[in-house]
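A look at the structure
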Amino acid sequence: VCLHWAYHRQKSTGSLHELYFKNLSKQKQIMEKNGNNRKLRVCVATCNRADYSKLAPIMFGIKSEPQFFELDVVVLGSHLIDDYGNTYRMIEQDDFDIHTRLHTIVRGEDEAAMVESVGLALVKLPDVLNRLKPDIMIVHGDRFDALALATSAALMNIRILHIEGGEVSGTIDDSIRHAITKLAHFHVCCTRSAEQHLIAMCEDHDRILLAGCPSYDKLLSSKNKDYMSIIRMWLGEDVKPRDYIVALQHPVTTDIKHSIKMFELTLDALMSFNKRTLVLFPNIDAGSKEMVRVMRKKGIEHHPNFRAVKHVPFEQFIQLVAHAGCVIGNSSCGVREVGAFGTPVINLGTRQIGRETGENVLHVRDADTQDKILQALHLQFGKQYPCSKIYGDGNAVPRILKFLKSIDLKEPLQKKFCFPPVKESISQDIDHILETQSALAVDLGGTNLRVAIVSMKGEIVKKYTQLNPKTYEDRIELILKMCMEAASEAVHLNCRILGVGISTGGRVNPREGIVLHSTKLIQEWSSVDLRTPISDALHLPVWVDNDGNCAALAERKFGHGKGVENFVTLITGTGIGGGIIHQHELVHGSSFCAAELGHIVVSLEGPECLCGSHGCIEAYASGIALQREAKKLHDEELLLVGGMSIKMEETISAVHLIQAAKLGNAKAESILRTAGTALGLGVVNILHTMNPSLVILSGVLAGHYVNIVKDVISRQAMFSVQTVDVVVSNLADPALLGAASLVLDYSTRRIY
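Parameters at a glance
Residues numbered from 1 in each chain as written. Predicted model: local features only at pLDDT ≥ 70, side-chain atom pairs only at ≥ 80, totals over all residues. Heavy atoms only, no water. UniProt positions renumbered as here; feature names shortened; annotations may be inferred. Helix = DSSP H or I, 4+ residues; strand = E, 2+ residues; numbered from the N terminus. Buried < 20%, exposed > 50% of the residue type's maximum accessible area, 1.4 Å probe, protein only. Contact = heavy atoms within 4.5 Å. Domains from an automatic or database assignment. Buried area = accessible area lost by both parts, 1.4 Å probe. Polar contact = N/O pair within 3.5 Å; in protein donor to acceptor, adjacent residues only side chain to side chain. Nonpolar A, V, L, I, M, F, W, Y, C, P; charged D, E, K, R; others polar. Pairing = 2+ DSSP bridges. Right-handed = clockwise from strand over helix to strand, strands pointing away.

As recorded in an unreviewed UniProt entry, the protein chain goes by Bifunctional UDP-N-acetylglucosamine 2-epimerase/N-acetylmannosamine kinase and comes from Pelodiscus sinensis. According to the UniProt record, the Subcellular location (unreviewed entry) comment for the protein chain reads "Cytoplasm, Cytosol". In its Subunit (unreviewed entry) section, the UniProt entry covering the protein chain states "Homodimer. Homotetramer. Homohexamer. The hexameric form exhibits both enzyme activities, whereas the dimeric form only catalyzes the phosphorylation of N-acyl-D-mannosamine."

Rendered as structure tokens:
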């Protein structure tokens, strides 16, 4: 554990070591000197449930070292109010002796009441501090109660240790927090940016400790296997993890009217979203009374989908947010503590606008419509993000205790000042995030393995291609390697990766992410769980589907199928595949075998297909079928015509058959016409079965077949379905775009 994180500012390694050992020696001398005289008397003052969650770990640490410290606990503010849960009881339950209880809140929950509460605290605190005579007072955060504490201690020449200074949030809280910073003598900050802000505010470098947030010590060590009982106790017996919402919204004291309106819109959006929701009552700031009225007007306390509570014990609250599908509101715990679990967060309005946040936080700064909040819920609910340690690594308390022991009480109280440059933190808003949302798309073909970064607009930002290995182990290893490389590159390309979509041949169970049976083109690829290893390695959600289905999804999101209710996509490539969109949804079938369109039988006496049957469309019209016919012609010396030449080492393929047909080879033309007719008959069967309004031909052979298919429809189909549009796909890479659609299209994610 480093003595003081601020040492990292030193540019020279030599000066870093010299400064470290110099301060270590100084600290030892100070501890011996203070220890020989008396213990350090520390007063911890707590005002509400939120600051106690940060102060409690420090209080436990101080209590565990009675040879160095004496602890006095002062309780004031909303801790002592019944409407806010009488939360002083949890301090008693933690076995702390409360030295003094101060009733400092003037009820009214408006601006005047806040000012009067500060005044009442200033009247009562001097007597308490005169009796306790602490060496140092620990003050947390940015509440008006904390400002009264810091003002009293500063005027009475009591050293102040301020927790969480230097942070930037929004509204009046910033002003109060920075005012306390100017009154405080020592500072414990949680992030590198907060430390830099304190330095920019002219605070003495040597009196700043970058420790991390004390609450993270508890968060990162929290292992409650019985979290289900906590979820059931607060939300009901039928609620499952990741399938509920925690809502915590407070008034914004600089714009109370707007914050109440935003709270109304939030509740309306939550009711429309129709998920079980735990709503915590707002804090005691001006405007809270009006917010409670809004809750009661909408019947939240009696609504079957809502549980409204005044207080949840911190240990239980940890478990509730850790396993929630989403946390919504404007509380600092959403942008700070919840990141430790990777739970999705929707931060509403401006109350936390300047906070550093992990990628789990989606900002909706102008939450002026119910629809915008509802869209944010659709984007965030149920996702799982990597755990964030922006605000701490779980070792804050040992650093803080060491820092306290290093304080020399004989040093003068007068502060020193300096003014280094500061680099400001820039956070993203919802519009920027929507623009940069991207997917990792994986296409597993018979020959190549491809990975691409695909933007929300369908742009392939970067593509990686390798030969598809022949064995399962090599294939999985290469997929992981390519995905990790792409994910790393995405950061530099400013692409926010939402997940991984995989397109593969064969029969796929998309709900479980398992390849059930593979095509013969991909070896060792049956009963393969793709989702688990890739999700575990990348810490991203993973979706998997058949390549034909992915092509249909690509058309639905980016191609001719956009906005079309019922259409069919046919892929004409090495094999013949496809996908069916019915009433805007992808059809999978009862055993995930729907849309195996290449195996529609069009002739009982036709050629043998790779599936083992005879007369399938694929046996006539696939690239493999055309290659087979081309080889026959070549063996009979009937393939080449004037203008054609084939090298000795060159493999005969469908390309040669098409080239021969274009140069007037009658037999090649006949084979292509037969192939197109077989495909057309298959399409007629599809029209008579599904009655789509659109048929999209995709793949390298689509352009050669489209006119023949149209002709067959005009001759063979019932009159009522002949109005169908048959078009060639305009998508350059439907397999990769379809894999990306699995991730980028919410309607698909919702089904899976």
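More follows now that the structure is in view.
A few words now on the UniProt feature "binding site: Zn(2+)" (unreviewed entry) in the protein chain. Here the UniProt feature "binding site: Zn(2+)" (unreviewed entry) sits at His 599, Cys 609, Cys 611 and Cys 616. Annotated residues spanning 18 residues; largest pairwise C-alpha distance 8.8 Å, indicating a single compact cluster. Mapping Cys 611 onto the fold places it in the loop between β24 (585–586) and α20 (617–621). Among the residues examined, Cys 611 registers a relative accessible area of 43% and is labelled partly exposed. Leaving out residues up to four positions away in the same chain, Cys 611 has contacts with His 599 and Cys 616. Mapped onto the fold, Cys 616 is located in the loop between β24 and α20.

Partitioning the protein chain into domains gives domain 1 (38–213), domain 2 (220–380), domain 3 (435–559 + 747–751) and domain 4 (563–730). Put simply, the middle of domain 3 and the middle of domain 4, counted by C-alpha atoms, are 26 Å apart. Counting residues at the interface gives 21 residues for domain 3, matched by 24 residues for domain 4. Summing both partners gives a buried area of about 1600 Å² for domain 3 against domain 4, and 60% of it is carried by carbon and sulfur. For the pair domain 3 and domain 4, the number of links is four residue pairs in polar contact (both at pLDDT 80 or more). Of all the secondary structure elements, the ones that give two or more residues to the side of domain 3 that touches domain 4 are β18 (507–509), β21 (542–546), α19 (547–558) and α26 (746–751). If you tally residues by element for the side of domain 3 that touches domain 4, the top one is α19, at eight residues. Of the residues that constitute the side of domain 3 that touches domain 4, the class distribution is eight nonpolar, five polar and eight charged.

This part covers the side chain of Arg 355. Relative to the helices and strands, Arg 355 is located in the loop between β12 (345–348) and β13 (361–364). For Arg 355, the side chain forms a polar contact with the side chain of Gln 352, separated by 2.7 Å.

Take the pairing of strand β25 (residues 694–698) next. Taken across its five residues, β25 has five buried, putting it largely inside the fold. What you see with β25 is no split at all: Leu 694, Ile 696 and Ser 698 on one side and Val 695 and Leu 697 on the other are buried throughout. Relative to β25, strand β22 (residues 567–572) runs parallel, the two being bridged by five bridges. Paired with Val 568 across the strands is Val 695, a residue of β25. The pairing of β25 with strand β26 (residues 725–728) spans four bridges and is classified as parallel. Bridge assignment links Ile 696 to a residue of β26, and that residue is Val 727. The parallel pair β25 and β26 is bridged by helix α24 (residues 702–716), and the resulting crossover is right-handed.

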